[in-house]
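Remarks on the overall topology
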There are 2 protein chains.
Amino acid sequence: MTFNNQKSVENLTDPWQAQLKKGTLEMAALAALWSGPLYGLEILRFLETKSELVLAEGTIYPILSRLKKEGLLTSEWVEAEAGHPRKYYSLTASGRERIRHMAAVWVDFSANLRRLIQPVLDHKGQKEEKR
Amino acid sequence: MTFNNQKSVENLTDPWQAQLKKGTLEMAALAALWSGPLYGLEILRFLETKSELVLAEGTIYPILSRLKKEGLLTSEWVEAEAGHPRKYYSLTASGRERIRHMAAVWVDFSANLRRLIQPVLDHKGQKEEKR
DNA sequence: CTCGATACATTGTATTGCTATGTATATTGC
DNA sequence: GCAATATACATAGCAATACAATGTATCGAG
């Protein structure tokens, strides 16, 4: 147990990329529910599969609580045949409206940033020169 | 002065959109300096013009300090003919490398989110139905 | 010499994602 | 029965960061 604590090496989230997620995870959670109800862990897996967006359990539940408190989601306990009850979340009408708005804002926002970094992206290849 | 304090009505930043900016503003500031040195307020105006990205003065200076402390920027006081000295910031080699990396990460990240919200965007038009 | 504009800077607050835990239920092995 | 394991939901404390509000300094105009 001397220094087995390198555990985090692959678990560690780049703090910058953690910051990037701020705000987008609410959008992502709502978007995940767009096509039908899912329960908490299922949302995690959905996001990881569909968008390579990895978030911790400790992250998703507070988000879902917040969204529910805002009236964007409703939840319902459902018994599972194997295992323990699951809390399924569904979009409310208000949630549906919100995610549409968020999506539109996001498209603009990301396009703006994209335009901003375009010169940086265009630069590619010049790095080789240095060798 | 009774309730002139509606001041914020147009000054108010949507808290969600404030969250969206987290992390991206460091990238934006570095990107603004890609084509040459600028001073603080000039960066604000550049971002507002080029990317509709509005940030408060109280936001840009801490960012520049952070980036400088990380060795991504250098700064230099320059006398202005009219007015007060300006602190011009320039990218270091390390900063140039960082912004290239950030730009690449951003492109991936935004593409992932875009894919996620695509079904929501496709939904457009259905809202009209309600009228 | 005061007023306003420009420019840089700091302080306190709120939001939010993450790590580390904790709790409950059901299944499996003995 | 009962520990061990897996699934699922939940909370507490921490860290990062954008913002509003404020403060300081310099210069030009009147």
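Structure: see above.
Residues numbered from 1 in each chain as written. Chains lettered and ligands numbered in written order. Predicted model: local features only at pLDDT ≥ 70, side-chain atom pairs only at ≥ 80, totals over all residues. Heavy atoms only, no water.

Residues and elements named next belong to chain A. Taken in spatial order, the three strands make up an open sheet running E1-E3-E2, and their pairing is antiparallel. Two strands bound the open sheet, and with one partner strand each, they are strand E1 (38–39) and strand E2 (73–78). As paired strands, E1 and strand E3 (residues 86–91) are joined by two bridges and run antiparallel to one another. Paired with Leu38 across the two strands is Tyr89, which belongs to E3. (Pairing = 2+ DSSP bridges. Helix = DSSP H or I, 4+ residues; strand = E, 2+ residues; numbered from the N terminus.)

Residue and element names in this part refer to chain B. In the contact formed by helix H3 (residues 24–32) and helix H6 (residues 93–122), the axes pass within 10 Å of each other and the chain directions differ by 130°. Comparing the axis directions of H3 and H6 gives the class oblique. For the pair H3 and H6, the sense of crossing is left-handed. When H3 is examined against H6, the residues Thr24, Glu26, Met27, Leu30 and Ala31 are found in contact with a partner set consisting of Arg98, Ile99, Met102, Ala103 and Trp106. Residue classes in the contact of H3 with H6 are distributed as seven nonpolar, one polar and two charged. (Axes fitted to C-alpha atoms, helices over the stretch in contact; angles between N-to-C directions. Parallel < 35°, antiparallel > 145°, perpendicular 65-115°, else oblique. Left-handed = near helix turned anticlockwise from the far one by under 90°. Contact = heavy atoms within 4.5 Å. Nonpolar A, V, L, I, M, F, W, Y, C, P; charged D, E, K, R; others polar.)

Another point: the sheet that holds strand E3 (residues 86–91) of chain B. One open sheet accounts for three strands, arranged E1-E3-E2 (chain B); its pairing is antiparallel. Each edge of the open sheet is held by one strand with a lone partner, namely strand E1 (38–39) and strand E2 (73–78) of chain B.

It is worth spelling out the relation of the copies chain B and chain A at this point. Rotating chain B by 180° and moving it 0.0 Å along the rotation axis overlays it on chain A with an RMSD of 0.1 Å. The superposition of one copy onto the other is thereby described by a two-fold rotation axis. A high fraction, 100%, of the interface residues of chain B reappear at the interface in chain A, so the copies pair face to face through one surface. (Least-squares fit on C-alpha atoms with pLDDT ≥ 70 in both.)

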